[in-house]
Every structure is written in C-alpha cells, then in structure tokens.
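Now for the letters of each chain:
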Amino acid sequence: MRKNIVAGNWKMNKTLQEGIALAKELNEALVADKPNCDVVICTPFIHLASVSPIVDASVIGVGAENCADKASGAYTGEVSAAMVASTGAQYVILGHSERREYYGETVETLKAKVELALENKLLPIFCIGEVLAEREANKQNEVVAAQLASVFDLSAEDFGKIVLAYEPVWAIGTGKTATAEQAQEIHAYIRSLVADKYGKEVADNTSILYGGSCKPSNAKELFANPDVDGGLIGGAALSVADFKGIIDAFKA
Ligand code: PGA
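Residues numbered from 1 in each chain as written. Predicted model: local features only at pLDDT ≥ 70, side-chain atom pairs only at ≥ 80, totals over all residues. Heavy atoms only, no water.

## Digging into the overall build of the protein
Counting secondary structure elements, the protein contains 12 helices and 8 strands. Whereas a compact globule of 252 residues would reach a radius of gyration of roughly 18 Å, the protein reaches 17 Å, a difference of no more than 12%. If one aligns the C-alpha atoms of the protein with their principal axes, the spans along those axes are about 50 × 45 × 35 Å. Going through the 252 residues of the protein one by one, you find that 52% of them count as buried. Carbon and sulfur atoms provide 53% of the accessible area of the protein, an area that totals close to 11000 Å². (Helix = DSSP H or I, 4+ residues; strand = E, 2+ residues; numbered from the N terminus. Rg over C-alpha atoms; globule rule 2.2 N^0.38 Å. Buried < 20%, exposed > 50% of the residue type's maximum accessible area, 1.4 Å probe, protein only. Areas by Shrake-Rupley, 256 points an atom, 1.4 Å probe, with all protein chains shown as cover.)

## Some points on empty space enclosed by the protein
Counting across every chain of the model gives 1 cavity of 30 Å³ or more. Here the largest cavity defines a volume of roughly 30 Å³. Lining the largest cavity, in full, are W10, L22, A23, L26, I41, A237, V240 and F243. Elements represented by at least two residues in the lining of the largest cavity include exactly α1 (16–32) and α12 (240–247). If you tally residues by element for the lining of the largest cavity, the top one is α1, at 3 residues. Residue classes in the lining of the largest cavity are distributed as 8 nonpolar, no polar and no charged. (1 Å grid on protein atoms, 1.4 Å probe; cavity = no way out; pocket = protein on both sides within 12 Å on 5 of 7 lines; lining within 4 Å. Points joined across faces, edges and corners; volume = space filled by probe spheres on them. Nonpolar A, V, L, I, M, F, W, Y, C, P; charged D, E, K, R; others polar.)

## So, the environment of K113
You can see K113 is positioned in helix α5 (residues 107–119). Note on K113: relative accessible area 4%, which makes it buried. Each C-alpha atom of the pair K113 and A71 lies 9.0 Å from the other, and the pair is 42 residues apart in sequence. A distance of 2.6 Å separates the side chain of K113 from the side chain of E105, its partner in a polar contact. (Polar contact = N/O pair within 3.5 Å; in protein donor to acceptor, adjacent residues only side chain to side chain.)

## A word on the site of the ligand
Around the ligand, 13 residues are found, and the nearest of them are K11, H96, E167, G173 and S213. Contact distances for the ligand include 2.7 Å between an oxygen atom and a backbone N or O atom of G173. Isolated, the ligand exposes 280 Å² of accessible area, and the fraction of that covered by the protein chains is 95%. Taken together, the residues that form the shell around the ligand break down as 4 nonpolar, 7 polar and 2 charged. (Near = heavy atom within 4 Å.)

## Quick word on the environment of P44
Position of P44 among the secondary structure elements: in the loop between β2 (38–43) and α2 (45–51). For the pair formed by P44 and A133, sequence separation is 89 residues and the distance between their alpha carbons is 30 Å. Leaving out residues up to four positions away in the same chain, P44 has contacts with W10, K11, N13 and E65. (Contact = heavy atoms within 4.5 Å.)

## A closer look at the layout of surface pockets
By volume, the largest pocket amounts to about 560 Å³. Forming the walls of the largest pocket are 20 residues, and the residues nearest its centre are K11, M12, E65, R99 and Y103. A per-element tally of the lining of the largest pocket places helix α4 (residues 97–102) first, with 3 residues. Of the residues in the lining of the largest pocket, the class split is 9 nonpolar, 6 polar and 5 charged. Counted as a void, the second largest pocket has a volume near 240 Å³.

## Here we look at the nonpolar core
Counting 67 residues, the largest nonpolar core has I41, F159 and F223 as its most contacted members. When residues in this core are grouped by element, the largest group, 6 residues, is from helix α9 (residues 180–198). Not counting chain neighbours up to four residues away, the residues in contact with F223 comprise V6, C214, V228, G230, G231, I246, A249 and F250. By size, the runner-up hydrophobic cluster in this structure holds 12 residues, among which are A7, C42, I93 and L209. (Core = buried A, V, L, I, M, F, W, Y, C linked by side-chain atoms within 4.5 Å.)

## Some words on the pairing of strand β8 (residues 230–233)
Of the two faces of β8, the one carrying G230 and L232 and the one carrying G231 and I233 are both buried. In terms of strand pairing, strand β1 (residues 5–9) meets β8 through 4 bridges, oriented parallel. Within the sheet, the bridge partner assigned to A7 lies in β8 and is L232. For strand β7 (residues 208–211) and β8, the ladder comprises 2 bridges, and the chain directions are parallel. (Pairing = 2+ DSSP bridges.)

## Thoughts on α9
If you check α9, its first and last C-alpha atoms are 26 Å apart, about what 19 residues at 1.5 Å a residue would give, namely 27 Å. Every buried residue of α9 is accounted for by A180, A183, Q184, I186, H187, I190, R191, L193, V194 and Y198. Positive backbone phi, at 95 degrees, marks G199, one or two positions downstream of α9. (Expected span 1.5 Å × (residues − 1).)

Quick look at the structure:
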C-alpha cells in the first residue's frame with residue numbers, strides 16, 4: 001500500500017545539542033498527538049547516532065541526507081551507507097538538487113548510492129526536479145524522466161523500497177511553491193513513468209512526495225492531490241510548530 005509520508009530535511013543546520021533538542025521536542029509533540037502519516041527526520045550524519053535512540057520508532061523514522069557512492073575504504077571525509085545504517089537510521093535522502101548542483105552528483109553516482117543504500121537496508125528518498133530555466137522551457141517532464149534513470153535499473157522488488165520526492169528547484173527555499181495543479185500534473189506524469197517501467201501495481205504503491213517551500217498553510221492543498229503522497233520539508237522542518245502543522249495536514 002502507498003504510504004503518506006512527511007519527511008524533514010534539516011540540511012546543514014543545527015549543532016548536535018540543538019538537533020537533539022529539536023528531535024526531543026518533535027518526539028514529545030507526536031507521541032502526545034499521533035500523526036496520521038509516516039514521519040521521518042533526515043539529519044546531518046553527526047546527529048544520527050544520538051537522535052535515533054531518543055525518538056519513538058513507532059512515530060518517527062530517522063534518515064541521513066546523503067551517503068557515499070563507495071562501500072568503504074580510502075575516501076577521506078565520506079560516510080558509507082553501512083555507517084549510516086549502523087546508527088539505527090532507516091532512510092537516506094539521495095539526489096537532492098543541492099547535492100546535484102554543488103557536489104556534482106550525476107545519474108551514475110546516484111545509481112551507485114541507491115544500490116549501496118538498498119544493500120544496507122536503507123530506504124532511499126530519491127529526489128528529482130527541474131530548475132527554473134527548464135520549467136520555463138517546458139522541459140520538466142524530460143528532466144525528471146532522465147533523472148529517474150538512476151533508479152530504473154532496479155528490480156521491481158528493490159524499486160518498491162524507494163520513496164520518490166519531486167522537488168522543483170525553483171521552489172526550494174524560495175517561498176515559491178508549485179501550485180497544487182502543477183504538483184498533481186507532474187506527480188501523475190512521474191507515476192505514469194513508474195507504471196510504464198514496473199507496471200500499475202508498483203506505480204500505485206510508490207509514495208511520491210512534494211518538496212519546495214511546503215508549509216502549514218499550503219500543505220493541505222498540496223497533499224489533497226491524488227498523486228501527492230506527502231512532503232519533503234526543508235526550512236519548515238526546523239520548527240516543531242511548522243513541521244507538525246504540515247504533518248497535521250493529513251488530519252481531517
Ligand atoms: P524547503 O526545502 O522546504 O526549504 O523549500 C525543501 C528541500 O530542499 O527538501
């Protein structure tokens with residue numbers, strides 16, 4: 001069954017102490033008022049081992065924001081999927097547009113990362129999305145189709161473990177959100193690509209999250225679309241009130 005998911009992406013924010021405090025506060029809020037969707041927080045690597053044991057695993061999943069494209073060895077400064085999994089984390093964001101843009105991640109490096117994540121039983125939250133010039137040239141469908149090549153070599157069983165996140169780069173951190181219609185249109189297209197590749201059942205079971213300036217005031221309208229199964233939340237995930245406001249969009 002397709003799951004509704006709200007995932008936070010802390011990016012490069014919060015010291016260890018601040019991150020622990022944020023995770024504790026969120027945990028308390030969600031234990032007191034259980035969410036109607038899966039909730040995940042993706043944190044910097046250094047927070048994972050401290051945050052995993054303090055959240056109630058039945059309410060909050062924990063993930064990394066990246067992992068290495070190599071299994072182990074002489075790759076100074078990198079963190080492997082096995083290391084991420086050893087902290088108790090269950091998820092990993094892969095292919096975020098900031099990683100593609102600033103750290104040169106390509107379809108090929110992301111293919112390696114996805115495979116290593118799955119080998120280590122991490123569930124990838126795989127991000128795709130076009131930049132403004134591509135949207136203006138009406139090339140968004142081509143762009144997401146090309147980006148999906150990183151996950152379209154997987155077996156149907158492995159693909160079934162992937163969560164997709166559509167994040168138009170022009171909407172990330174800009175305050176400009178895709179309209180509910182724009183989100184639904186491209187999410188439906190992405191689901192049709194999954195159906196062409198893996199069949200209707202796999203496509204129906206794939207969660208496709210929207211990301212890009214999602215906030216409590218627009219989450220309900222975005223998530224009400226039949227092909228939008230939740231959100232990947234940046235800035236608003238740094239405040240419990242805002243993040244919970246988005247989670248509560250799944251409540252009546
Ligand atoms: P934003 O970021 O919610 O701050 O726009 C979303 C993301 O980059 O995942």
